[in-house]
Amino acid sequence: MTETAPPSAPAVPQFDVVVVGAGMAGLYAVHHFRELGFSVVALEQGAGVGGTWFWNRYPGCRCDVPSLEYSFGFSEELEQEWEWTEVFPSQPEIERYLNHVADRFDLRRDIRLETKVVGATYDEAAQVWTVATEAGDPITGRFLVMASGNLSVPQTPELPGRETFAGPVLYTSMWPRDGVDLSGQRVALIGTGSSGVQSTPELADMAAHLTVFQRTPTYTWPSYNGPLDPEVQRRTKEHYRELRAGQRTNPGGVTGSTGAIILQTAEDRRILEVGEEERLAVLEELRWNASRVWFDALTNPEANELACELYREMVRRTVDDPEVAESLSPRGFPIGCKRPVIDTHYFETFNRDDVTLVDLRKGGIEAIDAGGIRTAQGYFEADVLVLATGFDAMTGALTRIDLRGRDGRLLRDVWAEGPRTNLGLQVAGFPNLFTVTGPGSPSVLANMVVCIEQHIEWIGECLTRMRDRGQTEVETTVEAQDAWVDHVNAVAAPTMMTASSCNSWYLGANIPGKPRVFLPYVGGLNQYIERAEAVVADDYAGFVFA
Ligand code: NA7
């Protein structure tokens, strides 16, 4: 049992704002709230700043948003001085960038590293949050801002006998900071989502032999990464204000104006309206992208299946062994229902002699022992085990700690049937608590940096208004929250993302026992911003101040 609060919190808290996390959201929160004149502290469990980009340092880890767009827009000086080197940024480059941000804006003095938050309790009388950490005294704040990430709680699957494995067991999401020497090693990789797909070619290069254990094949697209053209960077820097404005009026928060290949579906491109000959012609022209440009495939299952077939044809054309190609071909769930996976020569890797694919649908994992993995289709020896098995996405960082609101109610109990928020920012019954890119916000469906900046600025404006009026408490009404949840569900319903055949982490379907609820807001970042701004213009309709 962890004691999360003293009997009663002090009326004057230590800080105006306690921020949980020092990833992108936490860093900007410290900077922005400080600029607005609030006292702030950020509590970070890691030994460094960067959040997602601190932990996920597995070989091949790379962002799927172009560098020039996956960067902060709050400081023109920062925009101008930082030089990106690749079209899509790698983990080391983003981590360097975030450390630069922390130094440049002197953020570290308000960040406590290696400070893991285990719970927080709201004292209704004092209107103060008391935050409990694994070590040390409780920290109190008027407001609690959960900048604790969407993909920050690793999913640790049940694998019988894992503790008996003789070699190292590595998680892609907690990759050792000093790296790992895999030369001469037989590596077993479990998981073929984004992390597994990105690391496969790199692990194959590093190891003596790589065996990939795949439970579900994945739709991926080539990254088209490469060195960033200095001319493109120079031009972008000249027009950064337009780009930033454009991001906020785009559904995905990405303008696509920086030279990266980002294919958008066009309304007049409908796969059901063209014959096989034309489909194959599109395949010749667009290759892997031929499956993702069709407007009707977004909502029509029949159109979607035709697009899937174009994808499978590309797999067959790329992978030499027809049986391996068939194993790598996704079937039975729509394209686009999961987050797109961007790869660098993933499929070609399976043409190597030192790479083996184990299709777990032909016989699942039974147990792990000292020397390898036993499956229903045979035994596979390994010296190192790598788990790329995903995250308790979007809600894990909020429900796996003891967050207690009014009447001592735990957030995880309140969300037992699925999360409910107003704008992904506030939860009824949890006054003065803000979630950054929480469930019900566009977050993982849009450029996360743009979402983070917009959220933090929205919260900052709200806190400033309260200070100006001498108010000390804000809470969403249940009615406004219900209306937002209904809207989030309504826009998701017609899309492929809620298809019953889809086991995505957007739906919480990757975690045993997690309620199946579509977590992010699919209506578009631009629509979201309009609605969030309308709430402000309407004097914070749906929020109650005290
Ligand atoms: P994902 O996309 O959730 O992928 C996890 C993978 O691990 C997926 O292939 C799972 O198969 C597999 N998995 C999970 N548990 C097991 C067990 N017990 N046995 C075999 N295979 C298993 O996580 P990622 O880290 O790759 O990516 C998450 C996001 O991070 C990504 O979307 C980007 O936005 C960045 P399954 O599909 O469940 O059959």
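Residues numbered from 1 in each chain as written. Predicted model: local features only at pLDDT ≥ 70, side-chain atom pairs only at ≥ 80, totals over all residues. Heavy atoms only, no water.

Let us now look at the overall build of the protein. Per the secondary structure count, the protein includes 16 helices and 20 strands. For the protein, the C-alpha radius of gyration of 24 Å lies close to 24 Å, the compact-globule estimate for 546 residues. Judged by the C-alpha coordinates and their principal axes, the protein covers about 70 × 55 × 45 Å. Within the span of the protein, comprising 546 residues, buried residues form 58% of the whole. Both charge centroids of the protein, one from 47 positive and one from 76 negative side chains, sit 2 Å from each other. (Helix = DSSP H or I, 4+ residues; strand = E, 2+ residues; numbered from the N terminus. Rg over C-alpha atoms; globule rule 2.2 N^0.38 Å. Buried < 20%, exposed > 50% of the residue type's maximum accessible area, 1.4 Å probe, protein only. Lys, Arg positive; Asp, Glu negative; His and termini not counted. Charge placed at Lys NZ, Arg CZ, Asp CG, Glu CD.)

This paragraph deals with the sheet that holds strand β12 (residues 355-359). Strand order in the open sheet formed by five strands is β7-β16-β8-β9-β12, and the pairing between neighbours is parallel. Strand pairing shows two members of the sheet lacking a second neighbour, β7 (169-171) and β12, which therefore form its edges. On average, each strand axis in the sheet is tilted by 20 degrees relative to the strand beside it, whichever way the strands run. Here five bridges tie strand β8 (residues 186-190) to strand β9 (residues 209-214), and the two strands are oriented parallel to one another. Within the sheet, the bridge partner assigned to A188 lies in β9 and is T211. (Pairing = 2+ DSSP bridges. Axes fitted to C-alpha atoms, helices over the stretch in contact; angles between N-to-C directions.)

A separate point is the site of the ligand. With respect to spatial proximity, 18 residues lie near the ligand, and among them S194, S195, R215, T216 and R339 are the closest. Burial of the ligand by the protein amounts to 84% of the accessible area it has alone, namely 780 Å². Among the residues forming the shell around the ligand, the class breakdown is seven nonpolar, eight polar and three charged. (Near = heavy atom within 4 Å. Areas by Shrake-Rupley, 256 points an atom, 1.4 Å probe, with all protein chains shown as cover. Nonpolar A, V, L, I, M, F, W, Y, C, P; charged D, E, K, R; others polar.)

Turning our attention to the domain arrangement of the protein. Domains assigned within the protein are domain 1 (2-57 + 111-153 + 393-545) and domain 2 (162-226 + 261-387). Using C-alpha coordinates to define each centre, domain 1 is positioned 33 Å away from domain 2. Taken together, the contact between domain 1 and domain 2 spans 17 residues of the former and 21 residues of the latter. When domain 1 packs against domain 2, the two sides together hide about 1,400 Å² of surface, and 58% of this comes from carbon and sulfur. The three residues of domain 1 that bury the most area against domain 2 are W55, R57 and M496, which together make up 42% of that side's buried surface. At the junction of domain 1 and domain 2, the tally comes to zero salt bridges. Run the count over domain 1 and domain 2 and you get two residue pairs in polar contact (both at pLDDT 80 or more). Of the residues that constitute the side of domain 1 that touches domain 2, the class distribution is 11 nonpolar, five polar and one charged. (Domains from an automatic or database assignment. Contact = heavy atoms within 4.5 Å. Buried area = accessible area lost by both parts, 1.4 Å probe. Salt bridge = Lys/Arg side-chain N within 4 Å of Asp/Glu carboxyl O. Polar contact = N/O pair within 3.5 Å; in protein donor to acceptor, adjacent residues only side chain to side chain.)

A few words on the state of the cysteines. Across all of its chains, the model carries one disulfide by this definition. The disulfide partner of C337 is C502, and the S-S distance across this bridge is 2.1 Å. On the sign convention where negative is left-handed, the bridge of C337 and C502, at about 85 degrees about the S-S bond, is right-handed. In this pair, C337 is assigned in the loop between α10 (322-327) and β11 (341-343) and C502 in the loop between α15 (478-492) and α16 (525-537), connecting sequence segments 165 residues apart. When its relative accessible area of 0% is taken as the criterion, C502 is described as buried. (Disulfide = S-S within 2.5 Å.)

Moving on: the sheet that holds strand β13 (residues 365-369). Within the open sheet, the three strands sit side by side as β13-β14-β15. Their pairing is antiparallel. If you trace the sheet from one side to the other, it starts and ends with β13 and β15 (378-381), each paired once. Taking each pair of neighbouring strands and ignoring which way they run, the sheet shows an average axis angle of 20 degrees. The pairing of strand β14 (residues 372-375) with β15 spans four bridges and is antiparallel. From the neighbouring strand, I373 faces β15, where its bridge partner is F380.

Let's shift gears to the packing of helix α14 (residues 448-469) against α16. Running from N to C, α14 and α16 point in directions that differ by 5 degrees, and their axes come no closer than 12 Å. By the angle between their directions, the pair α14 and α16 is classed as roughly parallel. Contacts between α14 and α16 involve V450, C451, Q454, H455, W458 and E461 from the former and L525, Y528, I529, A532, V535 and V536 from the latter. Across the contact of α14 with α16, the residue classes tally to nine nonpolar, two polar and one charged. (Parallel < 35°, antiparallel > 145°, perpendicular 65-115°, else oblique.)

This next bit is on helix α7 (residues 240-248). Listed as buried for α7 are Y240, L243, R244 and Q247. Each buried residue of α7 sits inside an arc of 100 degrees when the element is viewed along its axis, so together they form one side. On its buried side, α7 packs onto α3 (76-81), α6 (230-238), α14 and α16. (Arc of directions from axis to C-beta.)

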